[in-house]
Amino acid sequence: MQLVVGKIGRAHGIRGDVSVEVRTDEPELRLGPGAVLLTDPAGIGPLTVESGKVHSGRLLLRFAGVKDRTAAEALRGTFLIAEVDPEETPDDPDEYYDHQLIGLDVVLTDGTLIGELTEVVHLPYQDLLTVQRPDGTEVLIPFVEQIVPVIDLDEQRAVITPPPGLIDPADAVVVSSREEAGDAEGAGDAGDADDAEGAGESEGSAGAGESGSGPDGSDNSDGSTGGAA
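Just so we're clear, the structure is a prediction, and the values are computed from it rather than from any experiment.

(A) Representation of the sheet that holds strand 3 (residues 36-40) within the structure. Strand order in this closed barrel of six strands is 1-2-5-4-3-6, and the pairing throughout is antiparallel. Across the sheet, the mean angle separating the axes of adjacent strands is 50 degrees when strand polarity is ignored. As judged from the two bridges shared by strand 3 and strand 4 (residues 47-55), these two strands associate in the antiparallel manner. If you follow Leu-37 over to strand 4, its bridge partner there is Leu-47.

(B) Focus on the environment of Asp-98. Structurally, Asp-98 is set in helix 3 (residues 98-101). A sequence separation of 94 residues divides Asp-98 from Val-4, and the C-alpha atoms of the two residues are 9.3 Å apart. The contacts of Asp-98, once residues within four sequence positions are left out, are Arg-23, Val-120 and His-122.

(C) How the structure looks around unusual backbone geometry. In this structure, the amide linkage connecting Asp-40 to the following residue, Pro-41, adopts the cis form with an omega of 10 degrees. Tracing the sequence through the fold places Pro-41 in the loop between strand 3 and strand 4. At the junction of Gly-45 and Pro-46, the peptide bond is cis and its omega measures out at 0 degrees in the coordinates. Unlike most non-glycine residues, Ser-56 shows phi in positive territory, near 55 degrees. Mapped onto the elements of the fold, Ser-56 is located in the loop between strand 4 and strand 5 (58-63). Phi at Gln-156 takes a positive value of approximately 55 degrees, unusual for a residue other than glycine. Following the sequence through the fold, Gln-156 ends up in the loop between strand 11 (150-152) and strand 12 (157-160). According to the relative accessible area criterion, Gln-156 is partly exposed, its value standing at 38%.

(D) Looking closely at the pattern of salt bridges. According to the stated counting rule, one finds four salt bridges in the structure shown. With a closest N to O distance of 2.9 Å, Glu-21 and Arg-23 form a salt bridge. In this structure, Arg-76 engages Glu-73 in a salt bridge whose closest nitrogen and oxygen atoms are separated by 3.1 Å. In this structure Arg-76 comes out as partly exposed when scored by relative accessible area, which is 46%. Its relative accessible area of 30% is what places Glu-73 among the partly exposed residues.

(E) Local environment of the pairing of strand 9 (residues 127-132). Of all six residues that make up strand 9, five are buried, and the element is covered over most of its length. Across six bridges, the pairing between strand 8 (residues 113-122) and strand 9 is antiparallel. Bridging from a neighbouring strand, Val-120 pairs with Leu-129 of strand 9. As defined by bridge partners, strand 9 adjoins strand 10 (residues 138-142) across five bridges and the pair is classed as antiparallel. Looking across to strand 10, one finds that Thr-130 is bridged to Leu-140. Linking strand 9 back to strand 10 in an antiparallel pair, the connection comprises five residues, with Gly-136 at a positive phi of about 95 degrees.

(F) Up close: the pairing of strand 2 (residues 17-22). Across five bridges, strand 1 (residues 2-12) lies against strand 2 in antiparallel orientation. Residue pairing across strands places His-12 opposite Asp-17, the latter belonging to strand 2. Hairpin connection between strand 1 and strand 2: a loop of four residues separates the two successive antiparallel strands, and Gly-13 in this loop has a positive phi of roughly 75 degrees. When strand 2 meets strand 5, the two strands line up antiparallel, connected through three bridges. Residue pairing across strands places Val-20 opposite Leu-59, the latter belonging to strand 5.

(G) Structural view of a negative patch on the surface. Negative charge collects at one region of the surface, where Asp-25, Asp-91, Asp-92, Asp-94, Glu-95 and Glu-145 lie side by side. Looking at where Asp-92 falls in the secondary structure, it is placed in the loop between strand 6 (79-83) and helix 3.

(H) Structural view of the sheet that holds strand 9. Strand order in the open sheet formed by six strands is 10-9-8-7-12-11, with mixed pairing between adjacent strands. Of all strands in the sheet, those bounded by a partner on one side alone are strand 10 and strand 11. This sheet shows a mean twist of 35 degrees between the axes of neighbouring strands, independent of strand direction.

Cut-off values and rules
Residues numbered from 1 in each chain as written. Predicted model: local features only at pLDDT ≥ 70, side-chain atom pairs only at ≥ 80, totals over all residues. Heavy atoms only, no water. Pairing = 2+ DSSP bridges. Helix = DSSP H or I, 4+ residues; strand = E, 2+ residues; numbered from the N terminus. Axes fitted to C-alpha atoms, helices over the stretch in contact; angles between N-to-C directions. Contact = heavy atoms within 4.5 Å. Buried < 20%, exposed > 50% of the residue type's maximum accessible area, 1.4 Å probe, protein only. Salt bridge = Lys/Arg side-chain N within 4 Å of Asp/Glu carboxyl O. Patch = residues over 30% accessible without salt bridge, like charges linked within 9 Å, V, L, I, M, F, W, Y side chains within 5 Å. Areas by Shrake-Rupley, 256 points an atom, 1.4 Å probe, with all protein chains shown as cover. Lys, Arg positive; Asp, Glu negative; His and termini not counted. Charge placed at Lys NZ, Arg CZ, Asp CG, Glu CD.

In short, the description is geometric, and any link to function would need to be established separately.
Here is the structure:
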């Protein structure tokens, strides 16, 4: 099976290095020194990786026979293709190759179909799943466990729990600046009232103030706090 594992970008320096847009979760294996890669357009390859390094968050590769900036710039836009055994799977059971994911049905936890997974976009700090909806539009889903908790290859589906607004922007929860200002003003008024009331109580009974009793001095012995665990 042939898989696209990278795309060559601009030349870097004068000795033939090129930046590469990585499209694999295993760049050390697929794009490491000695790797022989097919290309699209086919006439440019095959290319053999001579050396590689990471510079400013980008992968830089040098290919055998590419000795200067002019030759490197001529490779720009070329797709790098690796031959992969279709039965091969990653060592980590929680990792997947792109070809395992492409074509999966993307559904909500209640089974509602969102669309078909058509591409895995590999960014420097996060992977995104491109999902084509039935109406032809596309949505990008961050490939993180909180949003994509289940990949079921047997059932050929990915279960997602998207936050409001990710799938349909109309569902996004928006808090206006006026509401925020009103809440802050209300909180300030309540705080002033509590301070005034507290001052009156302290004046009437010095012992109450010294004991540390009341809401601010209470001991939450169960250690509970607000919010989700």
